[in-house]
Amino acid sequence: MSQYILLRHREIPNLDQLDVYLKHGGFEALKKVVTQMQPADVVNEVKASGLRGRGGAGFPTGVKWSFLPNNIWPHYVVCNADESEPGTFKDREILESNPFQLLEGLMIASYAVQANVAYIYLRGEFWQIAHQLDEKIAELEKAGLLGDNLFGTAYSLRIYTHLGAGAYICGEETALLESLEGKLGQPRLRPPFPAVYGLYGKPTVVNNVETLANLPPILENGAQWYRRFGTEKSPGMKIFCLSGNVNRPGNYELPLGTTFRELIYTHGGGIPEGRKVKAILPAGASSAIIAVNDDTILDTPMDYESVAAIGSQLGSASVIVADETVNMAWLVARTVNFFKHESCGKCTPCREGTFWMNRIAQRMMAGKATESDVDLLETVANQIAGKCLCALGEFSVMAVQTGIGQFRVDFLNQVKQTAPATQGD
Amino acid sequence: MNELLQTYPEEVKQILAKYPAEYKRSAVMPLLYLAQRKEGYVPRQALEDIAEILEITPTEVASIVGFYTLYYDQPAGRYRIQVCTDLPCALRGADRFLEELCQRLGIREGETTPDGLFTVEAVKCLAACHRAPVFQVQGDGEIEYHENQTVELTLAWMEQVREKVRAEKEAQS
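Novice: For the interface of chain B and chain A, give the residues involved together with the corresponding values.
Specialist: Counting residues at the interface gives 43 residues for chain B and 59 residues for chain A. Summed over both partners, the interface of chain B with chain A buries about 4,100 Å², with 58% contributed by carbon and sulfur atoms. Our enumeration of links across chain B and chain A arrives at two salt bridges. Where the side of chain B that touches chain A is concerned, the elements lending two or more residues are helix H3 (28-36), helix H5 (58-67), helix H6 (87-90), helix H7 (94-105) and strand E4 (142-146) of chain B.

Below, the structure is given as structure tokens:
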């Protein structure tokens, strides 16, 4: 059988063309869903598939849908295409090369919750992609596959794209909704969750690009077929974004539960010049750092449970590899700088905390810090943890806490100025 | 007189059609892109124009410009070369790339070339970590990615842009 269910364009040339997509079974799943299935059946099928949100949180998609109340209308579906986590570049490949599978998935999700309007919120940098998508949407409308009375039924749907403008926080679903409403991208206090109070105060589903792209194959082949891939608790295929010190960085579509070793060595071609892996950030800059002191760590399967069991998180599976030449103080300073820049400023622990962490970390890199600054940095991180309004602030301390905890010697060397101040390939 | 509406009547109409009439404030971000298209930054007058179209205050529009990094309230080079220096790119030599590029151009990060054409800046993650060094170019109302870069490749591309701009000027005169 085929190697891909998401990155199918790698085997089928020009899959981004509507006629090619249709020739390869495109919109069969949607047709079946709209003409033969009740919305509740679609929700149940997706629940049974065990599909979990691919944006990072890993929450079961069908369950998320089932939270929408049926006495408040209209419902909205919003596709989260704000892909901004350092180390993540998977949604972009789907959007660029397999856009119709995403659109079909978005339409299936919309039918499942009976939304008649769906938005695709793209990060502003995806300007070109948004224009391509607008063309694809127009093409679908012209072909009668999108718009009023789909497949001769009473169901109608419109899809619109909306460009963000350079704010990482807008990947957080409530900040995304605020931004889509024309406000600052600042997260809302939850509850209420978007399922009840979402876009324009109406019940809303927010799903990641990759999550939605999974829907056409699931509805076409059934939940049991989908469960053949991956593990029992983390079923399905996943796009792993491999970056950092590896010979072949890129997107790799593999079953959940594939080991770090297979990803890095079999697919990623190993580390340049045969160097050793020092650390892995499996969920981008937001990761708790995995120290690879012991080579057997690399045999950890990459599913939600197994990565959590070794003290980190799978997140969106953006695997950043740092080899033995990397100064971890430098690495942590880089992640801290990112979060300081991206903090939205709404809650104090994050706004002030990331500012101070960055100040201390940059002082270290400038060679102006002392040993007590290492402890100070750790203390500030501990003060932020558990006190933030959203996950951004919580994630900002992950690399700091696990970095200092596991690589204190790098920090001490840095303040003693014996470690290299910068790092590159 | 609403200058934005007069310059782009069709575009404004299309943008507003995407959102429910009672929530037209949603259109503030696309309208700001429109306002920025010509000059590469949002002129003061546009804040008033957008506020009038959306029935919100100019201050509210300005707050959006301030919050989001892809909007500018000051002019810069016609093309903003924005190099990602986040962790995955930095592990693949992005810092060195940026430093060398600036050196060859004789400017510092954040500055503009003497001909006023290019501003070079460091930015946050662009979702192209596997093809570092990478930069995006913001200019003429568009955003374009340049991946797997070397300083030589970038300089050659800049020369092409200079040629294009020269040809444009000649055609105008």
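Novice: An account of the confidence of the model for chain B is requested, with residue identities and associated values reported.
Specialist: Across chain B, the average pLDDT comes to 96, with 100% of residues at or above 70. Confidence metrics for the complex model read pTM 0.96 and ipTM 0.96.

Novice: Lay out the environment of Arg123 of chain A with the relevant residues and their values.
Specialist: Checked against the element boundaries, Arg123 of chain A lands in the loop between strand E2 (117-122) and helix H7 (127-142). For Arg123 of chain A and Gln313 of chain A, which are 190 residues apart along the polypeptide, the C-alpha to C-alpha distance reads 24 Å. Not counting residues up to four positions away in its chain, the partners in contact with Arg123 of chain A are Ala81, Asp82, Glu83, Ser84, Leu163 and Gly164 of chain A together with Cys125, Leu126 and Ala127 of chain B.

Novice: Got a sec to walk through the nonpolar core? Specific residues and values, please.
Specialist: Trp65, Leu122, Ile159 and Leu331 of chain A together with Tyr68 of chain B are the most contacted members of the largest nonpolar core, which has 170 residues in total. Aside from chain neighbours lying at most four places away, what touches Ile159 of chain A is Leu103, Leu106, Met107, Ala118, Ile120, Ile137 and Leu146 of chain A.

Novice: Could you give an account of the packing of aromatic side chains, with specific residues and numbers?
Specialist: Scanning the model with the defined rule gives 23 aromatic pairs over all chains in all. Taking 6.4 Å as the distance between ring centres and 40° as the angle between the ring planes, the aromatic pair formed by Tyr76 of chain A and Tyr119 of chain A counts as tilted. Of this pair, Tyr76 of chain A sits in strand E1 (residues 76-81) while Tyr119 of chain A sits in strand E2; the two residues are 43 residues apart in sequence, bridging distant segments of the chain. Ring-pair connections join several aromatic residues into one group, and the members of that group are Tyr76, Tyr119, Tyr160 and Tyr200 of chain A together with Tyr19 and Tyr23 of chain B. Positioned above the aromatic ring of Phe126 of chain A is the side chain of Arg123 of chain A, whose terminal nitrogen or guanidinium carbon lies 5.7 Å from the ring centre. Over the face of the ring belonging to Tyr72 of chain B we find Arg80 of chain B, whose NZ or CZ atom lies 3.4 Å from the ring centre.

Novice: Any chance you could break down the sheet that holds E4 of chain B for me, citing the residues and the numbers?
Specialist: All names here are of chain B. Across the sheet, four strands lie side by side as E2-E1-E3-E4; this open sheet has mixed pairing. Lying at the two open borders of the sheet, with one neighbouring strand each, are strand E2 (118-123) and E4. Averaged over all adjacent pairs, the angle separating strand axes in this sheet is 25°, with direction ignored. Note that strand E1 (residues 79-84) and strand E3 (residues 135-139) share four bridges and pair antiparallel. Bridge pairing in E3 places Ile81 opposite Val137.

Novice: I'd love a proper account of the pairing of E2 of chain B, names of residues and values included.
Specialist: A regular strand places its side chains on the two faces of the sheet in alternate fashion. All names here are of chain B. Most of E2 is tucked away: five of the six residues are buried. Direction of pairing for E1 relative to E2: parallel, over a ladder of six bridges. Across the sheet, residue Arg80 finds its bridge partner in E2, namely Thr119.

Novice: Give me the lowdown on a nonpolar patch on the surface, citing residues and values where you can.
Specialist: Residues and elements named next belong to chain A. There is a patch of nonpolar side chains on the surface, built from Ile72, Val196 and Tyr197 and spanning about 250 Å² of accessible area. Relative to the helices and strands, Tyr197 resides in the loop between helix H8 (173-180) and strand E4 (204-208). With a relative accessible area of 45%, Tyr197 lands in the partly exposed category.

Novice: Could you give an account of the environment of Lys346 of chain A, naming the residues involved and the relevant values?
Specialist: Residues and elements named next belong to chain A. Along the chain, Lys346 turns up in the loop between helix H14 (328-342) and helix H15 (348-365). Taking the relative accessible area as the measure of exposure, Lys346 reaches 42% and is therefore partly exposed. At 2.8 Å, the side chain of Lys346 and the backbone oxygen of Pro187 are in polar contact.

Novice: Account for the packing of helix H2 (residues 9-16) of chain B against H3 of chain B, with residues named and values stated.
Specialist: Residue and element names in this part refer to chain B. Closest axis-to-axis distance for the H2/H3 pair is 9 Å, and the angle between their directions is 160°. With respect to H3, the element H2 is oriented roughly antiparallel. The handedness of the crossing between H2 and H3 is right-handed. Each of Glu11, Val12 and Ile15 in H2 lies in contact with H3, whose residues at this interface are Pro30, Leu31 and Leu34. Residue composition of the contact of H2 with H3, grouped by class: five nonpolar, no polar and one charged.

Novice: Outline the domain arrangement of chain A, supporting the account with residue identities and numerical values.
Specialist: All names here are of chain A. Taken as a whole, chain A is organised into domain 1 (8-226), domain 2 (237-323) and domain 3 (328-416). Averaged C-alpha coordinates put domain 1 and domain 3 at centres separated by 35 Å. Across the contact, eleven residues belong to domain 1 and nine residues belong to domain 3. Taken over both partners, the interface formed by domain 1 and domain 3 buries close to 850 Å², and the fraction arising from carbon and sulfur atoms is 73%. On the domain 1 side of the contact with domain 3, Tyr168, Gln186 and Pro187 bury the most area, a combined 57% of that side's loss. The interface formed by domain 1 and domain 3 includes zero salt bridges. Broken down by class, the residue content of the side of domain 1 that touches domain 3 amounts to six nonpolar, three polar and two charged.

So, how was this worked out
Residues numbered from 1 in each chain as written. Chains lettered and ligands numbered in written order. Predicted model: local features only at pLDDT ≥ 70, side-chain atom pairs only at ≥ 80, totals over all residues. Heavy atoms only, no water. Contact = heavy atoms within 4.5 Å. Buried area = accessible area lost by both parts, 1.4 Å probe. Salt bridge = Lys/Arg side-chain N within 4 Å of Asp/Glu carboxyl O. Helix = DSSP H or I, 4+ residues; strand = E, 2+ residues; numbered from the N terminus. pLDDT = per-residue confidence, 0-100. Core = buried A, V, L, I, M, F, W, Y, C linked by side-chain atoms within 4.5 Å. Buried < 20%, exposed > 50% of the residue type's maximum accessible area, 1.4 Å probe, protein only. Phe/Tyr/Trp six-rings, centres within 6.5 Å; stacked < 30°, edge-to-face > 60°. Lys NZ or Arg CZ within 6 Å of the ring centre and 35° of its normal. Pairing = 2+ DSSP bridges. Axes fitted to C-alpha atoms, helices over the stretch in contact; angles between N-to-C directions. Patch = residues over 30% accessible without salt bridge, like charges linked within 9 Å, V, L, I, M, F, W, Y side chains within 5 Å. Areas by Shrake-Rupley, 256 points an atom, 1.4 Å probe, with all protein chains shown as cover. Polar contact = N/O pair within 3.5 Å; in protein donor to acceptor, adjacent residues only side chain to side chain. Parallel < 35°, antiparallel > 145°, perpendicular 65-115°, else oblique. Left-handed = near helix turned anticlockwise from the far one by under 90°. Nonpolar A, V, L, I, M, F, W, Y, C, P; charged D, E, K, R; others polar. Domains from an automatic or database assignment.

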